[in-house]
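# Residue-level structural notes
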Amino acid sequence: MALRIGVPKETAAGEKRVATVPDVVGKLVKLGFSVAVQSGAGDGANFADDTYRAAGAEVVGSAAELWAKADIVFKVRPPSAGEVALMREGGTLIGFVWPAQNPELMQQLAAKKATVLAVDCLPRQLSRAQKMDALTSMAGISGYRAVIEAANAFGRLFNGQVTAAGKIPPAQVFVAGAGVAGLAAIGTAANMGAIVRANDTRAEVADQVMSLGGEFVKVDYEEEGSGSGGYAKVMSEGFQAAQRAMYAQQARDADIIITTALIPGKPAPKLISAEMVKSMRPGSVIVDMAAEQGGNCELTVPGESVVRHGVTLVGYTDLASRLAKQASTLYASNLLRLTEDLCKTKDGVIDVNMEDDAIRGLTVIKDGAVTWPAPPLKLPAPPPKPSAAAPVPAAKKGHGHGAGEPMSAKSLAIVFVVGALLFAWVGLYAPASFLAHFTVFVLACFVGYMVIWNVTPALHTPLMSVTNAISSIIAIGALIQIAPPLAGGGADRPSAVILWLAVVALALTGINMFGGFAVTRRMLAMFRK
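Residues numbered from 1 in each chain as written. Predicted model: local features only at pLDDT ≥ 70, side-chain atom pairs only at ≥ 80, totals over all residues. Heavy atoms only, no water.

### Describing the sheet that holds strand β3 (residues 58-60)
The eight strands are arranged β3-β2-β1-β4-β5-β6-β16-β17 in an open sheet whose pairing can be described as mixed. Looking along the sheet, the strands with just one partner apiece sit at the ends: β3 and β17 (369-370). Its contacts with the sheet place helix α5 (residues 103-111) against β5 (92-95), β6 (115-118), β16 (363-366) and β17, and it is angled at close to 40 degrees to β16. (Pairing = 2+ DSSP bridges. Helix = DSSP H or I, 4+ residues; strand = E, 2+ residues; numbered from the N terminus. Contact = heavy atoms within 4.5 Å. Axes fitted to C-alpha atoms, helices over the stretch in contact; angles between N-to-C directions.)

### Some thoughts on the packing of helix α6 (residues 134-154) against helix α11 (residues 324-342)
Put simply, α6 and α11 touch, their axes get as near as 9 Å, and they point 165 degrees apart. Considered as vectors, α6 and α11 are oriented roughly antiparallel to each other. Handedness of the crossing formed by α6 with α11: right-handed. For the pair α6 and α11, contact is made by A134, S137, M138 and I141 and by Q326, A327, L330, Y331 and N334, respectively. (Parallel < 35°, antiparallel > 145°, perpendicular 65-115°, else oblique. Left-handed = near helix turned anticlockwise from the far one by under 90°.)

### Structural notes on the pairing of strand β2 (residues 34-38)
β2 sits mainly inside the fold: four of its five residues count as buried. Pairing of strand β1 (residues 4-7) with β2, which is carried by four bridges, proceeds in the parallel orientation. Paired with R4 across the two strands is S34, which belongs to β2. At this point the chain moves from β1, through helix α1 (residues 22-30), to the parallel β2, and the crossover so formed is right-handed. Two elements, β2 and β3, share three bridges in a ladder whose sense is parallel. Across the sheet, the residue bridging to A36 is E58, located in β3. (Buried < 20%, exposed > 50% of the residue type's maximum accessible area, 1.4 Å probe, protein only. Right-handed = clockwise from strand over helix to strand, strands pointing away.)

### Things to note about the sheet that holds strand β14 (residues 305-308)
On the basis of which strands lie adjacent, the open sheet formed by seven strands has the order β11-β10-β9-β12-β13-β15-β14 and mixed pairing. Looking at strand neighbours, the two that pair on one side only are β11 (215-216) and β14, the edges of this open sheet. For strand β13 (residues 285-288) and strand β15 (residues 311-314), the ladder comprises three bridges, and the chain directions are parallel. Residue pairing for β15: I286 is matched across the bridge by L313. The strands touched by α6 are β12 (256-259), β13 and β15; relative to β13, the strand with the most contacts, the crossing angle is about 155 degrees. Sheet strands in contact with helix α9 (residues 237-253) are β9 (172-176), β10 (195-199) and β12, and its direction is about 155 degrees off that of β9.

### Regarding the side chain of S142
By the element assignment, S142 lies in helix α6. The contact partners of S142, leaving out residues within four places of it in the chain, are M289, L319 and A320.

### Some thoughts on the packing of aromatic side chains
What the rule picks out here adds up to five aromatic pairs. A centroid spacing of 5.8 Å and a plane angle of 10 degrees characterise the contact between F96 and W98, whose relative ring orientation is stacked. Their ring planes at 15 degrees and their centres at 5.6 Å tell us that F96 and Y331 sit as a pair that is stacked. Residue F96 is located in the loop between β5 and α5, and its partner Y331 is located in helix α11; the two are separated by 235 residues in the primary sequence. With relative accessibility at 1%, the residue Y331 sits in the buried group. Over the ring of Y316 we find R322; its NZ or CZ atom is 3.8 Å from the centre of that ring. (Phe/Tyr/Trp six-rings, centres within 6.5 Å; stacked < 30°, edge-to-face > 60°. Lys NZ or Arg CZ within 6 Å of the ring centre and 35° of its normal.)

### Some thoughts on unusual backbone geometry
Residues W372 and P373 are joined by a peptide bond in cis, for which omega reads 0 degrees. Take P373: it is sitting in the loop between β17 and α13 (409-429). Of note, the phi angle at D367 is positive, near 55 degrees, even though the residue is not glycine. Mapped onto the elements, D367 comes out in the loop between β16 and β17.

### Section: α6
Helix length check: α6 (21 residues) gives 30 Å between terminal C-alpha atoms against 30 Å at 1.5 Å per residue, within 8%. Capping the start of α6, D133 holds a side-chain oxygen 3.3 Å from the backbone nitrogen of L135, two or three residues further along. (Expected span 1.5 Å × (residues − 1). Polar contact = N/O pair within 3.5 Å; in protein donor to acceptor, adjacent residues only side chain to side chain.)

### Description of the pattern of salt bridges
Throughout the structure, instances matching the rule amount to 24 salt bridges. Its salt-bridge partner being E58, residue K69 comes within 3.0 Å of it at the nearest N-O pair. In this pair, K69 sits in helix α3 (residues 63-69) while E58 sits in strand β3, placing the two residues 11 residues apart along the sequence. On the accessibility criterion, E58 (32% relative accessible area) is partly exposed. Across the pair E149 and R322 runs a salt bridge, and its minimum N-O distance is 3.5 Å. With E149 in helix α6 and R322 in the loop between β15 and α11, the pair connects residues that are 173 residues apart, well separated along the chain. Residue classification places E149 among the buried positions, given a relative accessible area of 8%. Connected via shared salt-bridge partners are R4, E58, E65 and K69. (Salt bridge = Lys/Arg side-chain N within 4 Å of Asp/Glu carboxyl O.)

See below:
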């Protein structure tokens, strides 16, 4: 029997997101589910009840009615105690749960014999799980919104300008933490014209920072900072001391600081001290994206924007909700992809397969039994690094060559001899007019072969898309054959067979040439903003 998915209105203060959107409702129905949405659930994200009805959902008047009807509940925020009380016994809940921070909620859900899939527990190391990664979706939106909030509080342009009224220097932005949220903030601030610097304990993100237009500021202390699940780990005291010194310098130079540092299951690390805040210029801004977990700044007030020592500290905990329509759309897509994995038979029934690494990681309660935390993933071992001293084996002589390698001298000599004999035979028996055309043809083939053969195979596609223009030689030859009939020539008029071959050659060559340039244009467009 097909199950019913219920989408209640979020009850958390200030939460405007909704767990599914009208565009996704139709896709859930195609999977075999029926969908019920509480009236007004999408109002904060500008999705009216009528749009849900048009997509095939039933709009339910009250939360109690919706929870009673739903076999599966999609939510954004963790449910309150009152919502758990309304939940059907043995039902399924999918959404953010944060089991480490909500042990009482876990016990309440277990008492309901519920099955709970916490999207915040997704094993992010699995590449195939990226389509379900709601944490990444929300972090990207939050990073963008953090820059918008900073610009609003800053009161000055981000990009530098020189006007008749005077010179405006560009804003100096420092981003602490270059995870998904940090990278989104770096890209947004750089696109707005600010000078952006960033730091992270994971050295491997330096290239990503620079690719987005930022400058990576390295801590003068060698230590690896990569943790599990794409997060950073707790660093040693020596590293933290060097990091504090670097942050103190950046605080004196920066107009805006955006902090994003979080460690799963622990309070947010304190990166910006009160003394650093005092050292900042009046009118500066700090946006603390870790405010919900206590904040990276000592003076942050979670949920509020306050001014301390002339510096505005933005501690909003609902940054993603401030872009509710976009956030809801992405979140709904993540839940749809998860539902597709749970319902591969498309019959409206889910299968929580505990043998699937992604589903096992998400499942924190199964039929009332707490299954969190999930066992560590058995990831394949990284390939061994090649020894620096190992010599590169030389190719054996006389055994041919691979793609992209030049021909050996012996092979090239054989090709020349065979070609010369063939050319001599053609010269003895072919007419003079044919010999002239044949000479150009042979030379064109030889030059083209030598040019392409010495190019790295990885570049063959872009190279061929441009060098297809060389086929204009064929187009010119075909035009020469077609020209006498068009000009009314008599003696030089070719036979009907040659004429039609020329027409076909001209058509195919035109397709080849224009197609080559079209491919080139599309490839170049991939590298443009």
